Amino acid sequence: MTTTTTECPTCPETSFRLRVSALTFALSYIAAIAMQEIFTLRGLPALAVSLLPAAGFTFFILEEVKLIRSLDELHRQIQLEALAIGFLTAMLLLMTLGFLQRVDLLPHALSTIRDVWGVLPVCYAIGMLFARRRYL
Amino acid sequence: MKNRLKILRAERSWSQAELAEKLGVSRQTVNALEVEKYDPSLPLAFKISRLFGQPVEEIFDPDGAGVETPG
């Protein structure tokens, strides 16, 4: 998710496609939110709009996998450690949010599953920070 | 793991970037190997061995005793 061309000299094209896929996802996400806010959607249109960001994100996943496969062994190891740390950090965060919700201490913005996914990239970033400090 | 990568590279007057290109890895990987923050995989260790024309055990030493390391 955060790989640059200097880390991966052999894959600038893949890195460019990753940025395009990230932009595609961002646009699909904004479009879906806008359509849900503007229109009163029911049935099939509501389903289609709800799944729109998933399509954009699937494109992003495919490009991310291509990029990780093109990395050298050190950067793959960094990604692996970042994901492991990020996953456990996400578990810790979600568990804590769950406990806070049980006693009504959770901020409103985090009170539904709708917005919680947004903290997961932060967990990944924390993992990257630790993994990069270890090796670079 | 101790290694002589920096010495071997210096003997050939190669930059980290040049060595990285010959090994098919990033410059950061070469640097991490030289400062012993990262131990190479077996395929990469053999690639390094072939490139410098020396046995793996003369370049890398897991015990850190038999290999002269850069200062």
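Source: prediction; values computed, not measured. (Residues numbered from 1 in each chain as written. Chains lettered and ligands numbered in written order. Predicted model: local features only at pLDDT ≥ 70, side-chain atom pairs only at ≥ 80, totals over all residues. Heavy atoms only, no water.)

Peer 1: Any details on the nonpolar core? Residues and values, ideally.
Peer 2: Soluble globular proteins: nonpolar side chains tend toward being buried together. Ranked by internal contacts, the top residues of the largest apolar core, which has 25 residues, are Leu-19, Ile-48 and Phe-52 of chain B. Among the elements of the structure, helix H3 (73–102) and helix H5 (120–135) of chain A together with helix H1 (5–11), helix H2 (16–23), helix H3 (27–34), helix H4 (42–52) and helix H5 (56–59) of chain B are those that each provide at least two residues to this core. Phe-52 of chain B has contacts with Leu-5, Leu-8, Arg-9, Arg-12, Trp-14, Leu-19 and Ile-59 of chain B, leaving out every residue within four places of it along the chain. (Core = buried A, V, L, I, M, F, W, Y, C linked by side-chain atoms within 4.5 Å. Buried < 20%, exposed > 50% of the residue type's maximum accessible area, 1.4 Å probe, protein only. Helix = DSSP H or I, 4+ residues; strand = E, 2+ residues; numbered from the N terminus. Contact = heavy atoms within 4.5 Å.)

Peer 1: Explain the layout of surface pockets to me, using residue names and the numbers behind them.
Peer 2: If a probe as big as a water molecule is rolled over the atoms, it shows which places are left empty. Residue and element names in this part refer to chain A. Size it by volume and the second largest pocket reaches roughly 350 Å³. If you trace the second largest pocket, you find it lined by Phe-25, Tyr-29, Ala-32, Ile-33, Gln-36, Glu-37, Ser-50, Pro-53, Arg-114, Asp-115 and Trp-117. Secondary-structure elements contributing two or more residues to the lining of the second largest pocket are helix H1 (12–38), helix H2 (43–70) and helix H4 (113–116). The dominant element in the lining of the second largest pocket, judged by the number of residues it contributes, is H1, at 6 residues. Tallied by class, the residues present in the lining of the second largest pocket amount to 6 nonpolar, 2 polar and 3 charged. (1 Å grid on protein atoms, 1.4 Å probe; cavity = no way out; pocket = protein on both sides within 12 Å on 5 of 7 lines; lining within 4 Å. Points joined across faces, edges and corners; volume = space filled by probe spheres on them. Nonpolar A, V, L, I, M, F, W, Y, C, P; charged D, E, K, R; others polar.)

Peer 1: Got a sec to walk through the confidence of the model for chain A? Specific residues and values, please.
Peer 2: Low pLDDT means the predicted coordinates in that region are not meant to be read closely. Confidence in the prediction of chain A, expressed as mean pLDDT, is 86, and 88% of residues score 70 or more. Here residues 2–6 of chain A is a poorly scored stretch, pLDDT under 50, and it has 11 contacts once near neighbours within four places are set aside; other chains count. (pLDDT = per-residue confidence, 0-100.)

Peer 1: Which residues make up H4 of chain B, and what values go with them?
Peer 2: Inspection of H4 of chain B places Leu-44, Ala-45, Ile-48, Ser-49 and Phe-52 of chain B among the buried residues, and these make up the whole buried set. For H4 of chain B, the arc enclosing every buried residue in end-on projection is 145 degrees, short of the 170-degree limit, so these residues lie on one face. Projecting away from the buried face of H4 of chain B at angles above 90 degrees are the exposed residues Leu-42, Pro-43 and Arg-50 of chain B. Residues of H4 of chain B that are buried in the fold lie against H3 of chain A together with H1, H2, H3, H5 and strand E2 (60–61) of chain B. Phi for Gly-53 of chain B, located one or two positions after H4 of chain B, is positive at around 65 degrees. (Arc of directions from axis to C-beta.)

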